[in-house]
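What the coordinates show
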Amino acid sequence: MTDHQVGDLLRRSAPQVLAALVRRYGHFDTAEDAVQEAMLAAATKWPTDGVPDDPRAWLITVASRRLTDLLRNEQARRRREETFARWSPSREWVAPPADRRPADSDDTLVLLFLCCHPALSPTAQVALTLRAVGGLGTAEIARAFLVSEATMGKRIGRAKQAIKASGAAFAPPAAAERDARLAAVLHVLYLVFTEGYAPTSGPDLHRVELSAEAIRLTRLVHRLLPDDGEVAGLLALMLLTDARRPARTGRGGELVPMAEQDRSRWDRAMIEEGVALITAALPKGVPGPYQLQAAIAAVHDEAPAYAETDWPQIMLLYERLLRLVDNPIIALNHAVAVAMAVGPRAGLRLLDELADDERLRTDHRVPAVRAHLLELLGEKAAARESYLRAARQTTSLPTQRYLYARAAALPAD
């Protein structure tokens, strides 16, 4: 197994291992430290010694031993037992083995709701869940929130301490508590999916394990809350977006934009499921942000060709979405829709209005969109400079290669 394959396996295993330790022992912050050390040991040993027959059990065993050492160093046995009891419901004070595979519930889903505990701010809930459940690094989470890595590291540290101080049980939350955490849970799942579908950094165009895990967890939430329109909308959005993934990559692994994709490679089964979900959800009440984004994705997916896309409808859906949320990326997508429905100059005027938004100051998508619109207007030299600027700002290598290629195809003056 290659180092890359080992890394993928560890990334997939980390949330399950952490959930098993927290379910058995509590101590969220210390458990995560123990899991990280187990992951490091595996990354060192497995490429040379081979992957164990049961990687998850191996990781849980190593992490459990390390956690025991950490707890022994921190406190006496009596205090440790009292803390364990506080973390578990009374009927579970005699805990099952950490490597027991749960029968009636998904440990990762329980961990997801634990990370969205009301003791944390919404930002901390999302950041901690991306770290513990999504397996993202601090730098990746910082880019998702448009803050520095140091700032995000402090937020995650404070969040782990708050979880520890709350004495929260590792168990599915009661119905009222679950509903209060739902918005944060959906936002987390959306960000995990987005990082899987379009990674903010690294050599890969997709991180399939992240987007697949986000879809899996969202299905679990949808099964739990089948009548919630926003849960259905988020699941539909993920399916409708992920359906295009096979056509988003060229033969050489290069990025293929939607306008140039072979739509016969889109996953029709996922599109049909996504369209059915959003079609059933929309009539049930006032649509929320995820439902509106799913509706936009459905318009894209149902168009037989890029030239036949219903851009006026997409523009109107984005305008309705902007009345609900203050999100600069949605505003940027709205500018693209306006450019396609009305004309490139109208889109450029909206881009100019976004120029002062600090949240977009270093985002490569702004100059990339500007370059595309300038190219449509025939202003090739200016478009080339914007493509180059966008390429310098992105940390995704496939996106960077695509942008440099677009720049190279245009004259310098």
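Definitions and cut-offs
- Residues numbered from 1 in each chain as written.
- Predicted model: local features only at pLDDT ≥ 70, side-chain atom pairs only at ≥ 80, totals over all residues.
- Heavy atoms only, no water.
- Core = buried A, V, L, I, M, F, W, Y, C linked by side-chain atoms within 4.5 Å.
- Buried < 20%, exposed > 50% of the residue type's maximum accessible area, 1.4 Å probe, protein only.
- Helix = DSSP H or I, 4+ residues; strand = E, 2+ residues; numbered from the N terminus.
- Axes fitted to C-alpha atoms, helices over the stretch in contact; angles between N-to-C directions.
- Parallel < 35°, antiparallel > 145°, perpendicular 65-115°, else oblique.
- Left-handed = near helix turned anticlockwise from the far one by under 90°.
- Contact = heavy atoms within 4.5 Å.
- Nonpolar A, V, L, I, M, F, W, Y, C, P; charged D, E, K, R; others polar.
- Expected span 1.5 Å × (residues − 1).

The name given to the protein in an unreviewed UniProt entry is RNA polymerase sigma factor, with Nocardia xishanensis as the source organism.

Points about the nonpolar core
Leu-21, Phe-28 and Leu-111 are the most contacted members of the largest nonpolar core, which has 88 residues in total. The element that contributes the greatest number of residues to this core is helix α1 (residues 3-25), accounting for eleven residues. By size, the runner-up hydrophobic cluster in this structure holds 24 residues, among which are Leu-255, Val-366, Ala-391 and Leu-410.

A word on the packing of helix α12 (residues 268-281) against helix α13 (residues 289-302)
Running from amino to carboxyl end, α12 crosses α13 at an angle of 135 degrees, the nearest separation of the two axes being 10 Å. With respect to each other, α12 and α13 are oriented oblique. For α12 against α13, the interelement crossing comes out left-handed. Counted together, Arg-268, Ile-271, Val-275, Ile-278 and Ala-281 of α12 and Gln-291, Ala-294, Ala-295, Ala-298, Asp-301 and Glu-302 of α13 form the full contact between these two elements. Considered class by class, the residues forming the contact of α12 with α13 number seven nonpolar, one polar and three charged.

Overview of helix α18 (residues 380-393)
For α18, spanning 14 residues, the distance from its first C-alpha to its last is 20 Å, which sits close to the expected 20 Å at 1.5 Å a residue. The complete set of buried residues in α18 reads Ala-383, Ser-386, Tyr-387, Leu-388, Ala-390 and Ala-391. Where α18 is buried, its residues touch α17 (365-376) and α19 (397-408).

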